[in-house]
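# Chains, contacts and geometry: an overview
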Amino acid sequence: MHSNSIDKTPSFSSLSLDEQLLSAVKKLGFEQPTPVQLQSIPLALEHKDLLVSAETGSGKTAAFLLPALHHLLTLPSGKSGVRALILTPTRELAQQIFKHCQQLTEFTDLKTGLITGGDDFRLQQNMLRRNTEIVIATPGRVLELMEQEIPDFSNLEVLILDEADRMLDMGFSEDVLTIANSCNTQRQTLLFSATLTHFGVIKMADRVLKNHEVVALNTLHDGHRNIEQQIVLADDNDHKLKLLIWLLQNETYDKALVFTNSRIQADALRGPLRGQKLRVGVLHGEMDQKDRNRMMELFREGEVKIMLATDLAARGLDIKGINLVINFDVPRNGINYIHRIGRTGRVDELGLTIALVKHTEWNLMSGIERFLKQKFKHRNIKELEGKYKGPKKLKASGKATGGKKKIEPKKAAVEKVKIRDRDKKNVGKRRVPTVKPTIEVNQP
Ligand code: AMP
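Keep in mind the model is a prediction, meaning the values are calculated, not measured.

## Some points on the UniProt feature "short sequence motif: Q motif" (unreviewed entry) in the chain
The positions that UniProt labels "short sequence motif: Q motif" (unreviewed entry) are, in the present scheme, residues 10–38. Counting secondary structure, residues 10–38 comes out at 45% helix and 0% strand; the distance between its end C-alpha atoms is 8 Å.

## Some thoughts on the packing of helix α5 (residues 121–129) against helix α6 (residues 139–147)
Relative to each other, α5 and α6 sit at 75°, their axes nearing to 11 Å. Considered as vectors, α5 and α6 are oriented roughly perpendicular to each other. Counted together, Phe121, Gln124, Gln125 and Leu128 of α5 and Arg141, Glu144 and Leu145 of α6 form the full contact between these two elements. Taken together, the residues of the contact of α5 with α6 break down into three nonpolar, two polar and two charged.

## Examining the nonpolar core
Ranked by size, the top nonpolar core spans 55 residues in total, and within it Leu85, Leu87, Phe153, Leu161, Leu191 and Met365 carry the most contacts. Counting residues per element, this core draws most heavily on helix α9 (residues 199–208), which supplies six residues. Among the domains, domain 1 (2–216) and domain 2 (227–384) are the pair contributing at least three residues each to this core. Excluding residues within four positions of it along the chain, leucine 85 makes contact with Val135, Ala137, Phe153, Leu156, Val158, Leu159, Ile160 and Ile179. Grouped together as the second largest cluster of nonpolar side chains are 40 residues, Val25, Ala44, Ala62 and Leu217 included.

## Brief notes about the pattern of salt bridges
For the structure on display, the rule yields 17 salt bridges. Between lysine 60 and aspartate 162 there is a salt bridge, with the nearest N and O atoms lying 3.0 Å from each other. Here the residue lysine 60 occupies a position in helix α3 (residues 60–74), and aspartate 162 occupies one in the loop between β5 (158–161) and α7 (164–169), the gap between them amounting to 102 residues. We note that lysine 60, like aspartate 162, is buried. Between glutamate 144 and arginine 141 there is a salt bridge whose closest N-O contact spans 3.7 Å. You can see glutamate 144 and its partner arginine 141 sitting in helix α6, three residues apart, about one turn around the helix. Residues joined in a network through salt bridges with shared partners are Lys60, Asp162, Glu163 and Arg166.

## Details of the site of the ligand
The immediate surroundings of the ligand are formed by 15 residues, with Gln32, Gln37, Gly57, Gly59 and Thr61 found nearest. Here a nitrogen atom of the ligand and a backbone polar atom of glutamine 32 are 2.8 Å apart. For the ligand, whose free accessible area comes to 490 Å², the fraction covered by protein is 79%. Residue composition of the shell around the ligand, grouped by class: four nonpolar, nine polar and two charged.

Calculation criteria
Residues numbered from 1 in each chain as written. Predicted model: local features only at pLDDT ≥ 70, side-chain atom pairs only at ≥ 80, totals over all residues. Heavy atoms only, no water. UniProt positions renumbered as here; feature names shortened; annotations may be inferred. Helix = DSSP H or I, 4+ residues; strand = E, 2+ residues; numbered from the N terminus. Axes fitted to C-alpha atoms, helices over the stretch in contact; angles between N-to-C directions. Parallel < 35°, antiparallel > 145°, perpendicular 65-115°, else oblique. Contact = heavy atoms within 4.5 Å. Nonpolar A, V, L, I, M, F, W, Y, C, P; charged D, E, K, R; others polar. Core = buried A, V, L, I, M, F, W, Y, C linked by side-chain atoms within 4.5 Å. Buried < 20%, exposed > 50% of the residue type's maximum accessible area, 1.4 Å probe, protein only. Domains from an automatic or database assignment. Salt bridge = Lys/Arg side-chain N within 4 Å of Asp/Glu carboxyl O. Near = heavy atom within 4 Å. Polar contact = N/O pair within 3.5 Å; in protein donor to acceptor, adjacent residues only side chain to side chain. Areas by Shrake-Rupley, 256 points an atom, 1.4 Å probe, with all protein chains shown as cover.

If you want it as structure tokens, here you go:
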């Protein structure tokens with residue numbers, strides 16, 4: 001990976017890392033932080049929990065190792081036990097991280113250990129007894145050692161879940177949760193995943209992270225995972241209601257979750273849906289706990305197959321068999337969108353999520369697509385086709401209408417001129433690599 005010297009990217013020294021780490025970075029020949037390092041390191045140095053989307057090759061290993069090592073170096077604990085634990089799906093990856101960690105700790109006294117299946121159990125036991133500060137491990141072997149009550153994570157300061165999506169796909173979900181639950185509750189947790197729209201990752205984030213921030217970068221994998229994401233354009237709320245009823249009557253699903261932005265909207269949809277003989281429940285924050293529990297139970301048991309919910313009510317909702325999520329209202333931001341769609345799909349199943357988008361919500365929806373670096377599929381419901389086809393420019397290009405509309409030559413020429421005019425203003429301006437803003441998520 002080579003950095004561009006003309007670039008205005010800050011240097012590693014501007015990240016306020018310990019000098020011994022900076023020396024190691026220099027020795028490795030890293031000139032500038034990569035985008036994931038630039039975004040994650042300052043937040044991690046504030047000891048915040050993070051959910052980061054980053055792929056192998058992005059420099060993600062140093063993005064989590066450097067702040068963790070800085071923390072261990074600058075805040076000596078004096079307590080026993082492992083101080084930083086990095087869980088990763090495969091032995092090969094664990095070895096790779098181990099090697100990188102040894103390079104980065106070369107000028108320090110920090111001790112790093114590797115715990116993976118297939119290697120000598122006793123050697124690993126001994127290594128843990130020698131107060132190794134940093135442990136890089138695969139979950140299976142850690143659990144085996146935990147059964148012997150060997151690793152002590154009660155004073156753990158940093159827990160890192162690397163390639164969390166892969167770990168979950170490989171069936172390590174319960175193992176990871178068991179390990180996380182045995183760790184010091186005051187720890188910092190950093191969760192790295194190639195994709196943010198993996199339902200298992202979102203559920204895991206709900207369970208292991210506290211008041212976390214999200215760093216959304218480089219989500220090349222998104223859009224190819226468990227969840228198919230669609231947009232259906234709507235004229236107004238009446239049209240949305242018709243579309244909703246049609247979808248609930250015509251889609252195949254075990255359980256469907258319908259999101260609204262307000263309690264009032266959720267309540268308002270109940271009557272018309274029941275009028276269509278659809279058995280629906282409502283979940284919102286102002287219901288008393290007893291009613292909420294009853295509603296959840298009915299949904300869990302499958303007595304009620306459709307649930308109307310607001311964001312707050314659905315946080316932490318972990319119910320099997322939800323394979324359709326409909327956004328009656330477009331969520332207010334990308335993170336809420338991720339949390340909503342994360343309620344669908346099971347490990348081996350595909351979930352479907354459909355957003356009903358009216359003209360006032362178009363920009364919000366586009367913002368969410370940009371945030372996730374994805375383009376969702378536009379779908380037409382022939383029986384209920386409305387007038388709204390998206391903004392004019394998009395209509396002209398035929399994108400929102402499946403390419404059916406022909407552009408008149410004159411109009412197309414005007415469009416082109418407009419684009420050229422705007423482009424002219426940018427002649428000579430350097431394109432700055434886009435770095436996504438981070439968004440704080442406050443969990444209830
Ligand atoms: P990773 O995504 O962590 O697997 O890193 C991919 C490769 O990029 C590894 O060979 C790292 O050593 C290298 N690398 C990480 N950070 C930087 C950086 N800031 N500049 C140059 N190379 C880097």
